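Listed here are the chains, written in short residue letters.
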Amino acid sequence: MKAVAYSIKNCEKELLIKANQKKHDITLISNRLTTDTAAYADGKDAVLVFPGDSLPASILQELKRRGVKYIATRSTGTDHIDLPEAVRLGLKIANVPSYSPESVGEHAITLILALSRNILVSQNQMHDHDFSLNNLVGNTIKGKTVGIVGFGGTGKALGKILSGFGAKILVNDIEEKNDCGTIGATQVSLDELYSRCDIISYHIPLNENTHHLVDADGIKKMKDGVMLINVSRGAVFNTQDVYEALLTGKIGKIGMDVYEFEQNVFFFNHRKKPIQDSLLQSLIQNQRILLTPHQAFLTEEALKIIAEKTISSMDLWEAGRCAGNACCCGKACIENNLAIA
């Protein structure tokens, strides 16, 4: 199978080459997929994309015109792809259903710990040779009530870590979770979780039900001074509402690995041309906010799995099969043997 992989980072190259084992003819380029770079897909069977690549209907139509039949995103989320249009065009789409949930769970606890112990404030003071302690009094996680919204792989990974810290854990999920008790967690309604939790961490996909799940109305139901953590997708937060609640003190601190308007911003170096986004600048400059550039997934362990599962989807496609668990075409792909690891 011939493919072009867009938005390739240096840390991915060797892992993809090793996972491929010369089975497929893959061209690796650092360019984002845009109207101008779609020509690189000429004559290719597949394109391999990244969350920083935007695939609206116009791009999908262009890829289809150039002969592309398959699109594999090197991510779990597919909100950067117009799936209904892909289905209409007959394009097959695959994602990476899961990869190292510990990577994202550990990043969430990193944000929680750094905010709880005022590490960002401390580091900034140190740069100014200010070694005083008055602004650095923090809090322990032990004894705090922590809410996990979305108890899938990454939510469970965070829950296991929190149990070791002695936190009381509440869980909210759209499905009944029978394994909460294994870490001493209790499943509750979202309203109850909001009213009881000192810290709330979000581990959910972005869809029509979760878009702006955290807005002014939801924030009113939360405890005063709550800490919010988002390692899922930026638009789960109504960022303006969240920021205004921080300014009033309703929200105490915020840790985000994602940003609602990160498209064309995150994953790229803008030093020579700073981003003109006043809200983003406000978030970065506020010492009660810790913002990282969508790096929760970025571990060697996760990158290895992402590379292997991306190649696995290509293997299945070349064999005339559905990508199985990785299939996210938006409609059922009927085959007797769909499952992949």
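Just above sits the structure.
Residues numbered from 1 in each chain as written. Predicted model: local features only at pLDDT ≥ 70, side-chain atom pairs only at ≥ 80, totals over all residues. Heavy atoms only, no water.

S.K.: Explain helix 2 (residues 57-65) to me, and be specific about the residues and the numbers.
M.R.: When we look at burial in helix 2, the residues that qualify are Ile-59, Leu-60, Glu-62 and Leu-63. Here the buried residues of helix 2 occupy an arc of 160 degrees about the axis, which is enough to place them on one side. Check the buried side of helix 2 and you find it contacts strand 3 (46-49), strand 4 (70-73) and helix 3 (83-89). (Buried < 20%, exposed > 50% of the residue type's maximum accessible area, 1.4 Å probe, protein only. Helix = DSSP H or I, 4+ residues; strand = E, 2+ residues; numbered from the N terminus. Arc of directions from axis to C-beta. Contact = heavy atoms within 4.5 Å.)

S.K.: Requested: an account of the environment of Lys-177, with residues and values cited.
M.R.: Within the secondary structure, Lys-177 is located in the loop between strand 7 (168-172) and strand 8 (186-187). Since its relative accessible area comes to 16%, Lys-177 is described here as buried. On a C-alpha basis, the gap between Lys-177 and Gly-324 in space is 24 Å, while along the polypeptide they are 147 residues apart.

S.K.: Could you give me a rundown of the sheet that holds strand 11 (residues 251-256), with the residues and numbers involved?
M.R.: The parallel open sheet is built from 7 strands, whose spatial order is 8-7-6-9-10-11-12. Pairing within the sheet leaves two strands with one partner each, and these edge strands are strand 8 and strand 12 (289-291). Running at roughly 170 degrees to strand 6 (residues 145-149), helix 6 (residues 153-165) makes contact with strand 6, strand 7 and strand 9 (199-202) of the sheet. Contacting strand 11 and strand 12, helix 9 (residues 239-248) runs over the sheet at an angle of about 140 degrees to strand 11. (Pairing = 2+ DSSP bridges. Axes fitted to C-alpha atoms, helices over the stretch in contact; angles between N-to-C directions.)

S.K.: Explain the pattern of salt bridges to me, and be specific about the residues and the numbers.
M.R.: In this structure the tally under the stated criterion is 15 salt bridges. The partner of Glu-12 in a salt bridge is Arg-74, with the nearest N and O atoms 2.7 Å apart. Taken together, the residues Glu-12 in helix 1 (residues 10-20) and Arg-74 in the loop between strand 4 and helix 3 connect sequence positions 62 residues apart. Accessibility expressed as a relative area gives 5% for Glu-12, which makes it buried. Linking Arg-66 and Glu-62 is a salt bridge whose minimum nitrogen-to-oxygen distance equals 2.8 Å. The buried category is assigned to Arg-66, whose relative accessible area is 18%. Through salt bridges with shared partners, one network takes in Asp-42, Glu-62, Arg-65 and Arg-66. (Salt bridge = Lys/Arg side-chain N within 4 Å of Asp/Glu carboxyl O.)

S.K.: Break down the environment of Asn-286 for me, with residues and values.
M.R.: Checked against the element boundaries, Asn-286 lands in the loop between helix 10 (278-285) and strand 12. With a relative accessible area of 16%, Asn-286 lands in the buried category. When the C-alpha atoms of Asn-286 and Leu-247 are compared, they prove to be 9.7 Å apart, with 39 residues separating the residues in sequence. If near-sequence neighbours (up to four positions away) are discounted, Asn-286 is found in contact with Tyr-243, Leu-246 and Leu-247. A distance of 2.8 Å separates a polar side-chain atom of Asn-286 from the backbone nitrogen of Arg-288. (Polar contact = N/O pair within 3.5 Å; in protein donor to acceptor, adjacent residues only side chain to side chain.)

S.K.: Go over the packing of aromatic side chains, please, and point to the residues and values.
M.R.: According to the stated counting rule, one finds 6 aromatic pairs in the structure shown. With a centroid separation of 5.6 Å and an interplanar angle of 80 degrees, the aromatic rings of Tyr-259 and Phe-261 are classed as edge-to-face. By relative accessible area, Phe-261 is classed as partly exposed at 44%. Three or more aromatic residues joined by ring pairs make a cluster, and in this case those are Phe-50, Phe-267 and Phe-297. Positioned above the aromatic ring of Phe-50, the side-chain terminus of Lys-9 is 4.1 Å from the ring centre. Between the NZ or CZ atom of Arg-32 and the centre of the ring of Phe-268, over which it lies, the distance is 4.9 Å. (Phe/Tyr/Trp six-rings, centres within 6.5 Å; stacked < 30°, edge-to-face > 60°. Lys NZ or Arg CZ within 6 Å of the ring centre and 35° of its normal.)

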